Amino acid sequence: MNGLLLVNLGTPEAPTIPAVRRYLREFLSDPRVIDLPALGRWLLLNLIILPFRPKQSAHAYQQIWTERGSPLLLHGRSLESMVQERLGEGWKVVLAMRYGAPSLAEGLAALEAAEVERVVVLPLYPQYASSTTGSTLEALYALAGAGQRVPSLCVVPPFHEDEGYLSTQAALMRETLEREPVDHVLFTFHGLPERQVRAADPTGQHCLAREDCCEQPSPAHRTCYRHQCRRTAEALAGRLDLAEGAWSVAFQSRLGRTPWLGPYTDQVLAELGAKGVERVALVSGSFVADCLETLEELGLRGRETFEAAGGKQLVLVPSLNDQPAWADTVAALARRAAPATD
């Protein structure tokens, strides 16, 4: 039997201040997320972030929490079940989170209990970033190698150009936009500090060194988050035949005062509203499941920003969540990573 470990970033166990504080402590203690020296990271986390941010974040989670719990976890559980159905008895599919529950350790333990022979790991992040894919794999390798029985791991690489992923996302966009036509499509991706993009550049001299770095061929693109985000947006715009000027790319969720990838989503929404663009669609290109960043940051605060600037309608294209075609794609990615199992 083969195992499939689906890994997403994580969610608090409840929309309460204590639960959110526990989650943020684990998340932001990761040196790949806040890439400061240990002392600086500890001071920032314990003196500035944790005393104040949990209350604000808990309120935000309360706006999107459902009677059944966290949207991210609910969609993950549904996807887990649907992919299990598609892969059949020869596979054991388990969902895990990089931070929070169910943990990576719990996921590996479940696969070991099922006596799987090989584990396919699918980080549910379309584009590579050290703070997501890199952090997940570092933690997973450490856990897997800690015991006497080390499992065989096969990792599915970032899938931002996978045909199944793109066609499923494009179909969801097309369905939404046919129902609610807009004047502009904004592809928004989770932001990263610019220093992290430069640090992931194996050449040390390509990423962000010039305005058109993402258009110039380079081995840096294999691990360049900005390039992969742009490739995702370009591919989706092409599939929907969006005209030049009818779509753009922005980055959200910046934290602190250091430069992050831009332009910033909230500023772009304000600019579009001020220019008289009445209807805008938001496509969350770095999230495969709806979560705080899509439902609250974009769906609530983003709408407020756009309408306050003069916009009339903000359309939020849903994430892939548990779309049947997305479950098909996940199953296909797993099979390709372990071809000998079929």
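Let me sum up the structure you'll find in this document. (Residues numbered from 1 in each chain as written. Predicted model: local features only at pLDDT ≥ 70, side-chain atom pairs only at ≥ 80, totals over all residues. Heavy atoms only, no water.)

### Brief notes about the pairing of strand S4 (residues 152-155)
Within a regular strand, side chains alternate between the sheet's two faces. With 4 bridges connecting them, strand S3 (residues 118-123) and S4 associate as parallel partners. For Arg118, the partnering residue across the bridge sits in S4 and is Ser152. Handedness of the S3-helix H6 (residues 130-144)-S4 crossover: right-handed. (Pairing = 2+ DSSP bridges. Helix = DSSP H or I, 4+ residues; strand = E, 2+ residues; numbered from the N terminus. Right-handed = clockwise from strand over helix to strand, strands pointing away.)

### Re the pattern of salt bridges
In total, this model carries 17 salt bridges according to the counting rule given. Across the pair Arg179 and Glu175 runs a salt bridge, and its minimum N-O distance is 4.0 Å. Of the two residues, Arg179 and Glu175 are both situated in helix H7 (residues 163-179); the distance of 4 residues between them amounts to about one turn of the helix. (Salt bridge = Lys/Arg side-chain N within 4 Å of Asp/Glu carboxyl O.)

### A closer look at the packing of aromatic side chains
Two aromatic rings, taken as a pair, are described by how far apart their centres are and by the angle between their planes. Throughout the structure, instances matching the rule amount to 8 aromatic pairs. Aromatic pair Phe27 and Tyr99: ring centres 5.0 Å apart, planes at 55°, arrangement tilted. One end of the pair, Phe27, is in helix H1 (residues 17-28); the other, Tyr99, is in strand S2 (residues 91-100), with 72 residues separating them in the sequence. Where Phe159 meets Tyr165, the ring centres are 5.3 Å apart and the plane angle is 75°; that geometry is what we call edge-to-face. Across the pair, Tyr165 and Phe159 agree in class, each one buried. In textbook terms, an aromatic cluster arises when at least three aromatic residues are bridged by ring pairs, as seen for Tyr23, Phe27 and Tyr99. Sitting over the ring of Tyr264, Arg254 keeps its end group 4.0 Å from the ring centre. (Phe/Tyr/Trp six-rings, centres within 6.5 Å; stacked < 30°, edge-to-face > 60°. Buried < 20%, exposed > 50% of the residue type's maximum accessible area, 1.4 Å probe, protein only. Lys NZ or Arg CZ within 6 Å of the ring centre and 35° of its normal.)

### What to know about the nonpolar core
Within soluble globular proteins, side chains that are nonpolar tend to cluster in buried spots. Counting residues in each nonpolar core, the largest one holds 58 residues, and the members touching the most others are Leu4, Leu6, Val83, Leu122, Phe187 and Trp326. Residue contacts for Phe187: discarding those within four places in its chain leaves Met173, Ala233, Leu236, Ala237, Leu242, Trp247, Ser248, Val249, Ala250 and Val283. Judged by nonpolar contacts, the second largest core, of 16 residues, contains Tyr23, Ala58, Ile64 and Leu292. (Core = buried A, V, L, I, M, F, W, Y, C linked by side-chain atoms within 4.5 Å. Contact = heavy atoms within 4.5 Å.)

### Brief notes about the side chain of Thr11
With respect to the secondary-structure elements, Thr11 resides in strand S1 (residues 2-11). On the basis of relative accessibility, which here comes to 4%, the residue Thr11 falls in the buried class. Within the structure, the side chain of Thr11 is placed 2.9 Å from the side chain of Ser70, a separation counted as a polar contact. Setting aside residues no more than four positions away along its own chain, Thr11 makes contact with Tyr23, Tyr61, Trp65, Ser70, Leu72, Leu73, Tyr99 and Gly100. (Polar contact = N/O pair within 3.5 Å; in protein donor to acceptor, adjacent residues only side chain to side chain.)

### Here's the deal with the sheet that holds strand S5 (residues 184-190)
Across the sheet, 4 strands lie side by side as S6-S5-S7-S8; this open sheet has parallel pairing. Edge positions in the open sheet fall to strand S6 (247-252) and strand S8 (313-316), since each of these has one partner strand only. Mean inter-strand twist for the sheet, computed between neighbouring axes without regard to direction, equals 25°. Alignment of S5 against strand S7 (residues 279-284), held across 5 bridges, turns out to be parallel. Opposite Thr188, over in S7, you have Ser284 as the bridge partner. Where helix H9 (residues 225-239) meets the sheet, its contacts fall on S5 and S6, and the angle it forms with S5 comes to roughly 150°. Along the sheet, helix H10 (residues 265-274) makes contact with S5, S6, S7 and S8, crossing S5 at roughly 165°. (Axes fitted to C-alpha atoms, helices over the stretch in contact; angles between N-to-C directions.)

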